[in-house]
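The chain contents come next:
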Amino acid sequence: MDFRYIGKSGLRVSSICMGTMTFGSTTSKEEAFKIMDKAYDNGINFYDTAELYPVPPKANTAGITEQWVGEWLKTKDRDSIILATKVAGAASGWFVPPIRHGLTAIDSFHIKRAVEGSLKKLDTDYIDLYQMHWPDTVVPIEESLRAFDDLVKEGKVRYIGTSNDSAYGLTKANETAKNNKLARFESIQNNFSLLNPRFLDELATVCRNENISLLPYSPIAGGVLAGKYNNGLYPDGCRFTAYIKNKSPRVQAMANRFVNEKTIEATKKYMQLAKEYGISPVTLAVAYSKHFDFVASTIIGARTLNQVNESLAAFDFKIDDELMKKIEEVQKEILYPMG
């Protein structure tokens, strides 16, 4: 098992993390427990959730995922698990969360309300990594960091991280933390995959120079890199099949970002590469996202138990220089498929 540390923290995590965002929507409790058990039995000690899960976020389902993860935790030794969750981002941004009456903010009040709710649902007395789900464009980052720092001092949270953030946002936050002697963000959870290598442009430099870890999510691009949407297919029960039919412009925009001519053409090339190396395209995609030195753990997801094996195979497959060169040739030919 390949273990890595998150940032400068004491969190030693498996290089693959089990994500839980479908637990309570497209994944039943029974199946969710089987998925988490399989991950645990295969050496995964890192599990990621959020107060807003499952997705798509709904007022009547928000929190179910944390409850289920909490129930599952009771079947394991708590100290054998590195548990991450998130406070919902601010309602002033691209999305209004259907919790706390749509008034969420990354201020002291909401951070402390959120963490108490998560601790209760997870039925634990501490969270290993507590993350800001996305930045607040209104509340000063110093106020947010002071609230997070209070949680660390109280022992409710061990370390903190950010998500869906920019190079400026991450740098600004951690310089503010340093200047005010507050807990800093040890990690950043951003979208990063064969189809979306933008993290390499700027954020990778910040992470390397400041010893901050990326926790990539959507390494198979929401299932696109598995090839399920190739040849004009929109299979029943798949995320973007539902999204493309959704009347919300935001949801449709997300579907078009993931499933478009460039992503499908790039996926075709990556599937050919995977075939050449005798592996699944899912294995290739997960191996790519965990390949880099600034990555601590790649967050995989699964709706069903049988989807886990191809991701787990990435533990044993390493991308060599020759394969990376071929991948980079595809990325140069088809620039930024996801925009």
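Remember, predicted model here, so these are calculated numbers, not experimental data. (Residues numbered from 1 in each chain as written. Predicted model: local features only at pLDDT ≥ 70, side-chain atom pairs only at ≥ 80, totals over all residues. Heavy atoms only, no water.)

Visitor: Sorry, what's going on with the overall build of the chain here?
Guide: In terms of helices and strands, the chain carries twelve helices and ten strands. C-alpha atoms of the chain, sized along the principal axes, occupy 50 × 40 × 40 Å. Scored against the burial criterion, the 339 residues of the chain give a buried share of 56%. Accessible surface, the chain: about 14600 Å² in total, of which carbon and sulfur atoms supply 51%. Each charge class in the chain was averaged separately, 42 positive and 41 negative side chains, and the resulting centres sit 3 Å apart. (Helix = DSSP H or I, 4+ residues; strand = E, 2+ residues; numbered from the N terminus. Buried < 20%, exposed > 50% of the residue type's maximum accessible area, 1.4 Å probe, protein only. Areas by Shrake-Rupley, 256 points an atom, 1.4 Å probe, with all protein chains shown as cover. Lys, Arg positive; Asp, Glu negative; His and termini not counted. Charge placed at Lys NZ, Arg CZ, Asp CG, Glu CD.)

Visitor: In this structure, what is going on with unusual backbone geometry? I would like to understand it.
Guide: Leaving glycine aside, a negative phi is the common case for residues, and trans is the common case for peptide bonds. Residues Y53 and P54 are joined by a peptide bond in cis, for which omega reads 10°. Inspection of the secondary structure assignment puts P54 in the loop between β4 (46–48) and α2 (64–73). At the junction of V55 and P56, the peptide bond is cis and its omega measures out at -5° in the coordinates. Inspection of the secondary structure puts P56 in the loop between β4 and α2. Phi angles above zero are rare outside glycine, and K181 is one such case at about 55°.

Visitor: I keep staring at the environment of A287 and nothing clicks. Help me out?
Guide: The residue A287 is located in helix α10 (residues 281–289) in this model. In this view, A287 contacts A314, F317 and I319; residues no more than four positions away in its chain are not counted. (Contact = heavy atoms within 4.5 Å.)

Visitor: I'm lost on helix α12 (residues 321–333) in this one. Help?
Guide: An ideal rise of 1.5 Å per residue puts 18 Å on 13 residues; α12 measures up with 18 Å between its terminal C-alpha atoms. Along α12, the positions that sit buried rather than exposed are L323, M324, K326, I327, V330 and Q331. Down the axis of α12, the buried set is contained in an arc of 160°. They therefore lie on one face. Exposed positions of α12 whose direction lies more than 90 degrees from the buried face are D321, K325, K332 and E333. Here the buried face of α12 lies against α9 (261–276) and α10. (Expected span 1.5 Å × (residues − 1). Arc of directions from axis to C-beta.)

Visitor: Please explain the pattern of salt bridges as it appears in this structure.
Guide: Between side chains of opposite charge, a pair can form as their charged atoms come close. Per the stated rule, a full pass over the model turns up 23 salt bridges. We note a salt bridge from D128 to R78, for which the minimum N-O separation is 3.1 Å. Here R78 lies in the loop between α2 and β5 (82–87) and D128 lies in strand β6 (residues 127–132), a separation of 50 residues in the sequence. Judged by its relative accessible area of 0%, D128 falls in the buried class. A salt bridge links R146 to E142, with the shortest nitrogen-to-oxygen separation between them at 2.9 Å. In this pair, R146 and E142 are both assigned in helix α4 (residues 141–154), four residues apart and thus about one turn of the helix distant. (Salt bridge = Lys/Arg side-chain N within 4 Å of Asp/Glu carboxyl O.)

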